[in-house]
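Breakdown of the fold
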Amino acid sequence: MELPFQNEELKGKVAVVTGAGGVLCSMFSKALAACGARVALLDRNLAAAEAQAKEIAAQGGTARAYYADVLDRNVLEKVRQSILEDLGPCDILINGAGGNNPRATTTNDYFRQGDLEKDIHTFFDLDTAGVEFVFNLNFLGALVPTQVFAPDMMGKSGCSILNISSMNAFTPLTRIPAYSGAKAAVSNFTQWLAVHFSREHIRVNAIAPGFFATAQNQALLFNPDGTPSERTEKILSATPMERFGKPEELVGALLFLLSEKAAGFITGVVLPVDGGFSAYSGV
Ligand SMILES: NC(=O)c1ccc[n+]([C@@H]2O[C@H](COP(=O)([O-])OP(=O)(O)OC[C@H]3O[C@@H](n4cnc5c(N)ncnc54)[C@H](O)[C@@H]3O)[C@@H](O)[C@H]2O)c1
């Protein structure tokens, strides 16, 4: 893959990436491998992680895929043991697994009284199990892998943790209250952890991607016939750069935040990569 710049410091480091079978984190894994890191790709979808690891290996990189549910500490501990044997102790952790769920999503942006008689998903239909699923996946899904892999970083230098937050963490987006709240928790946790691990010299930061069209948000952004949804039109009009981001446009932020030389005094930040979305009031 074409990198915006090389991060030489990553050479030989072990990077653990969760959600690595997905769109954004497979790309992160490739970028890390292209810089010479030895990458452990963790995903609940093992086939997806394996396919990505294969691609990395075909390009001359070092990568191994592992089945892991980011909410299952026992499985993660076993995976950690395997990674120790296969690649070595973890230096870099990317907490990438995350996402929303339809059970925690309302159909409409605004509630109106008549909605209760309609066959739509209102605020009052939000399923607590669905809300819990989203909070657990995004928040505990960052916390539990950190409990498992951060001990490998103690007493070393150049170790770093990167969480993936979202635009909705700054100001909630309509329809997705649980995902917005959970990502706000991820941003908050990023700051908390940065302070907590500061004396061990482990930097903790987050990237907040703006809008990137991926499989996960396909149904919200495009109509079944592939035309842009009303939501897409709203997003683009609220993005001063008037387009979706390309996943590879996150790589510069990734390599920068992981670099001790470039970002050695940066910890606890949530860096928006959003075409100006979070800066724009709409007027
Ligand atoms: N795509 C966007 O526009 C966007 C914007 C902001 C934030 N994000 C965040 O970026 C991250 C990656 O998103 P993406 O768009 O690449 O999503 P994706 O759906 O393509 O990838 C997510 C991956 O996580 C895996 N996963 C889900 N639950 C898991 C679990 N319990 N344990 C282990 N793996 C699990 C899935 O199998 C999938 O491979 C997520 O945290 C997402 O919330 C995405």
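Use the structure listed above.
Residues numbered from 1 in each chain as written. Predicted model: local features only at pLDDT ≥ 70, side-chain atom pairs only at ≥ 80, totals over all residues. Heavy atoms only, no water.

**Re the overall build of the chain**
If you tally the helices and strands in the chain, you get 9 helices and 7 strands. Since a compact globule built from 283 residues should have a radius of gyration of about 19 Å, the 19 Å found for the chain is in line with a globular shape. Residues classed as buried in the chain amount to 48% of the 283 residues present. Within the chain, residue pairs in contact and separated by at least 24 positions form 73% of the contacts whose partners lie at least 6 positions apart. (Helix = DSSP H or I, 4+ residues; strand = E, 2+ residues; numbered from the N terminus. Rg over C-alpha atoms; globule rule 2.2 N^0.38 Å. Buried < 20%, exposed > 50% of the residue type's maximum accessible area, 1.4 Å probe, protein only. Contact = heavy atoms within 4.5 Å.)

**Some remarks on the nonpolar core**
Residues Phe 28, Leu 32, Ile 94, Ile 207 and Leu 254 are the most contacted members of the largest nonpolar core, which totals 34 residues. When residues of this core are traced back to their parent elements, those giving at least two are β1 (14–18), α1 (23–34), β2 (38–43), α2 (46–58), β4 (92–95), β5 (160–164) and α8 (251–258). Per element, the largest residue contribution to this core is 7 residues, and it comes from α1. Contacts of Leu 32, omitting those with residues within four sequence positions, involve Leu 10, Ala 15, Val 17, Ala 37, Val 39, Ile 94, Leu 254 and Leu 258. (Core = buried A, V, L, I, M, F, W, Y, C linked by side-chain atoms within 4.5 Å.)

**Considering the pattern of salt bridges**
With the rule as written, the count across this model stands at 13 salt bridges. Where Glu 55 meets Lys 30, a salt bridge forms, and the shortest distance between an N and an O atom there is 3.0 Å. Of this pair, Glu 55 sits in helix α2 while Lys 30 sits in helix α1; the two residues are 25 residues apart in sequence, bridging distant segments of the chain. Arg 80 is the salt-bridge partner of Asp 152, the closest N and O atoms lying 2.6 Å from each other. Taken together, the residues span a long stretch of sequence, with Asp 152 in the loop between α4 (128–149) and β5 and Arg 80 in helix α3 (residues 73–86) at a distance of 72 residues. (Salt bridge = Lys/Arg side-chain N within 4 Å of Asp/Glu carboxyl O.)

**Concerning α3**
Side chains three or four residues apart in an α-helix point the same way, a direct result of the helix having 3.6 residues per turn. If you check α3, its first and last C-alpha atoms are 20 Å apart, about what 14 residues at 1.5 Å a residue would give, namely 20 Å. Check the buried side of α3 and you find it contacts β1, β2, β3 (62–67) and α4. Between a side-chain oxygen at the N-terminus of α3 and the backbone nitrogen of Asn 74 the separation is 3.2 Å; the capping residue is Asp 72. Two residues or fewer after α3 comes Gly 88, characterised by a positive phi angle close to 120°. (Expected span 1.5 Å × (residues − 1). Polar contact = N/O pair within 3.5 Å; in protein donor to acceptor, adjacent residues only side chain to side chain.)

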